[in-house]
Amino acid sequence: MDFGAQYSQLIARRVRECHVYSEIVPPTITAEEIKKIQPKALIFSGGPSSVFEEGSPKCDPEIFNLGIPILGICYGHQLISYMLGGEVVKGEKAEYGKTELFVVDDSDIFVGLNPDLIAWMSHSDVVIKPPPGFKITAYTRTTPVAAMSNPEKRIFGVQFHPEVVHTPWGIEIIRNFLYNQAGCQPLWTTTSYTQNALEYIREIVKDGGKVICALSGGVDSAVTAMLVHKVVGDDLVCIFVNHGLLRKGEAEDVLRTFKENFRMNLIYVDGEKRFFERLKGVTDPEIKRRVIGEEFVRIFEEEASKLEDVRYLAQGTLYPDVIESGTERAARIKTHHNVGGLPLRMKLKLVEPLRYLFKDEVRQIGEELGLSSEIIWRHPFPGPGLAIRIIGEVTREKAQILREADAIVVEEIKKAGLYRSVWQSFAVLLPVRTVGVMGDRRTYDYTVAVRVVSSEDAMTADWVRLPYEVLENISNRITREVEGVNRVVYDISSKPPATIEWE
């Protein structure tokens with residue numbers, strides 16, 4: 001049950017990791033509707049609201065009388081306490097990040113875990129007294145009821161986030177709840193992802209017509225194209241738009257891979273001039289994303305108009321793109337070009353078979369479909385490309401500077417044998433010029449920031465502690481080989497509070 005958390009789909013993903021099928025429903029669902037679905041268990045997500053706010057999301061109180069096991073996480077934990085007679089107060093001190101958790105009762109969802117743990121917290125309201133019939137099972141130094149349970153009714157609440165990787169044992173909490181409390185069996189497999197995606201595509205395109213696919217060369221669009229091709233065959237037409245903001249050599253790689261290797265219908269569009277003209281004078285990152293998204297779709301529509309009977313646009317949209325762009329209850333972090341940038345009157349019907357999946361799940365599908373490891377493990381690259389890695393106005397000169405610097409970062413990460421072990425590695429061009437000295441002459445050039453992060457799903461990420469010699473090689477090569485740059489800095493911010501991309 002999604003109460004608007006940035007991590008709602010991540011909870012569903014963790015359940016799927018336990019090989020249990022999961023669906024996401026809104027808090028407006030009624031107890032009667034839930035009875036018809038007959039789920040084995042319910043999980044209440046977190047959310048940005050406070051239980052004290054007017055209009056904050058609540059669930060049908062009859063849900064607590066259905067006899068279905070319930071696990072509340074963060075806001076869900078507070079909501080259970082609030083609705084069942086516990087005591088929730090505004091916290092005097094917000095609790096964010098890694099926190100020591102002390103388990104005082106390991107008889108239910110903490111079975112098999114150590115009494116002293118590290119958990120990931122993100123909250124301000126605090127449960128200070130559990131509802132009648134509940135017992136306290138864990139606490140922190142500032143949260144007296146960090147976890148609670150009612151074993152008789154099989155209702156549990158945790159203030160921390162077991163679904164994020166920063167709670168390393170959190171999957172055990174979810175597994176204990178699913179297997180021991182709800183009686184679920186681990187029967188859901190990765191093959192189910194593929195079958196569901198194919199069934200979804202068949203349903204969308206059942207009336208016939210051609211599908212055009214926004215192909216970028218990354219794993220998301222490649223898997224999307226492969227899935228759609230399995231359903232519609234030659235009625236799929238892939239369109240690759242070069243907006244002039246790609247990585248070094250990427251356009252050539254895409255054309256070679258998909259035209260020669262996969263032999264798909266592929267149209268190449270050189271849109272560099274159009275995109276740079278549209279981006280002239282634009283500095284706001286949200287406007288950048290919308291401009292690029294709109295121009296992409298306009299080009300697709302133009303190309304589609306040259307073909308007969310085109311009715312659909314396939315995109316490799318993933319769930320992190322959707323949730324960060326904002327849902328009915330989740331706050332918007334940033335608009336992704338293939339979510340918020342779509343014109344309201346777009347003429348083509350969307351086909352997004354990966355919309356509720358995460359990158360690692362897409363990679364699993366890619367392996368099942370037989371895609372090469374080069375495509376499957378290519379680092380994620382944003383649809384707006386280098387535009388959102390150039391802080392401020394985007395120009396051809398800046399794009400060329402960043403392209404060269406970015407290529408050096410990737411080359412050195414690969415040379416160090418770290419490419420497969422990190423989530424993303426890239427360069428960012430800052431709108432900051434600093435004084436330097438090269439060849440005994442004064443310089444006044446740009447600063448490049450290097451960003452290397454580890455993650456499993458892009459919902460959370462940590463900066464990578466690169467060896468000093470790797471950082472040294474990257475810095476020396478960029479300042480020596482890239483004209484216009486005389487300073488390199490390293491980004492040591494995690495997500496949250498930062499995002500992976502700078503814009």
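Residues numbered from 1 in each chain as written. Predicted model: local features only at pLDDT ≥ 70, side-chain atom pairs only at ≥ 80, totals over all residues. Heavy atoms only, no water.

**So, the packing of helix α13 (residues 396-415) against helix α14 (residues 468-481)**
Applicable threshold: Lines fitted to C-alpha atoms define the axes, with helix axes restricted to the stretch in contact, and inter-axis angles between N-to-C directions lie between 0 and 180 degrees. Runs of H or I in DSSP of at least four residues are treated as helices and runs of E of at least two as strands, each being numbered from the N terminus. In these notes the angle categories are as follows: under 35 degrees is roughly parallel, over 145 is roughly antiparallel, 65 to 115 is roughly perpendicular, and the rest is oblique. For a crossing to be left-handed, the near helix must be turned anticlockwise from the far one by less than a right angle; the clockwise case is right-handed. Here a residue-residue contact requires only that any non-hydrogen atoms of the pair lie within 4.5 Å.
Between α13 and α14, the shortest axis-to-axis distance is 9 Å and the interhelical angle comes to 150 degrees. As the angle between them shows, α13 and α14 are arranged roughly antiparallel. The handedness of the crossing between α13 and α14 comes out as right-handed. Of the residues in α14, those in contact with A405, I408, V409, E411, E412, I413 and K415 of α13 are V470, N473, I474, R477, I478 and E481.

**Notes on the nonpolar core**
One broad trend across soluble globular proteins is that nonpolar side chains are buried collectively. What counts is decided by this rule: Put simply, buried Ala, Val, Leu, Ile, Met, Phe, Trp, Tyr and Cys residues joined by side-chain atoms within 4.5 Å make one nonpolar core. A simple rule labels every residue: compare its accessible area, found with a 1.4 Å probe on the protein chains alone, to the largest value its type can have, and call it buried under 20%, exposed over 50%, or partly exposed in between.
Residues I212, V241, L245, F300, I413 and I478 are the most contacted members of the largest nonpolar core, which totals 46 residues. It is α13 that provides the largest number of residues to this core, a total of eight residues. With sequence-adjacent residues up to four places away left out, I413 is seen in contact with L418, Y419, V422, S425, V452, L466 and V470.

**Details of the packing of helix α5 (residues 190-204) against helix α11 (residues 359-369)**
Cut-off, in case you're wondering: Here the term charged refers only to Asp, Glu, Lys and Arg, the term nonpolar to Ala, Val, Leu, Ile, Met, Phe, Trp, Tyr, Cys and Pro, and the term polar to all other amino acids, Gly among them.
It is at 9 Å that the axes of α5 and α11 come closest, and there the two elements cross at 85 degrees. As the angle between them shows, α5 and α11 are arranged roughly perpendicular. For the pair formed by α5 and α11, the contact residues are T190, T191, Y193 and T194 on the first element and E361, Q364, I365 and E368 on the second. Residue classes in the contact of α5 with α11 are distributed as two nonpolar, four polar and two charged.

**Description of the pairing of strand β8 (residues 210-214)**
Our working rule: Between any two strands, pairing holds if DSSP finds at least two bridges.
Burial analysis of β8 places four of its five residues in the buried class, which makes it a mostly covered element. Bridging between β8 and strand β11 (residues 310-314) involves four bridges; their strand directions are parallel. Each bridged residue has a counterpart across the sheet, and for V211 the counterpart in β11 is Y312. Bridge count between β8 and strand β9 (residues 236-242): four bridges; the pairing is parallel. Along β9, the bridge assignment pairs V211 with L236.

**A short note on the pattern of salt bridges**
Our working rule: Whenever a carboxyl oxygen of Asp or Glu lies within 4 Å of a side-chain nitrogen of Lys or Arg, that contact is scored as a salt bridge.
By the definition in use, this model includes 30 salt bridges. Ionic pairing is found between E361 and R16, a salt bridge with its closest N-O pair at 3.1 Å. Placement of the pair is E361 in helix α11 and R16 in helix α1 (residues 8-17), with a sequence separation of 345 residues. Residue classification places R16 among the buried residues on the basis of a relative accessible area of 8%. E411 is the partner of R477 in a salt bridge, and the nearest nitrogen-oxygen pair spans 3.0 Å. Here R477 is found in helix α14, whereas its partner E411 is found in helix α13, with 66 residues between them in sequence. Taking relative accessible area as the criterion, R477 reaches 15% and is therefore assigned buried. The class of E411 is partly exposed, set by a relative accessible area of 38%. The network of salt bridges with common partners includes E411, E412, K415, R477, R480 and E481.

**A short note on the sheet that holds β8**
Strands in a sheet are paired, the pairing made by backbone hydrogen bonds, and the direction either parallel or antiparallel. One open sheet holds the five strands; their spatial order is β10-β9-β8-β11-β12, and the pairing between them is parallel. Each having just a single partner strand, β10 (266-270) and β12 (349-351) make up the two edges of the open sheet. Between one strand axis and the next, the sheet turns through 30 degrees on average, direction left out of account. Bridge count for β11 against β12 is three bridges, and the pairing is parallel. Directly across from A314, in β12, lies its bridge partner V351. In this fold α5 packs onto β11 and β12, with an angle of close to 165 degrees to the strand it touches most, β12. Relative to β8, helix α6 (residues 219-232) is tilted by about 170 degrees, and along the sheet it contacts β8, β9, β11 and β12.

**A short note on α11**
Taken as a whole, α11 has its buried residues at K359, E361, V362, R363, I365, G366 and L369. Tucked inside the fold, the buried residues of α11 contact α1, α5, α6 and α12 (373-376). Looking at the residues trailing α11, positive phi occurs at G370, about 90 degrees.

By themselves, these figures tell us nothing about what the structure is for.
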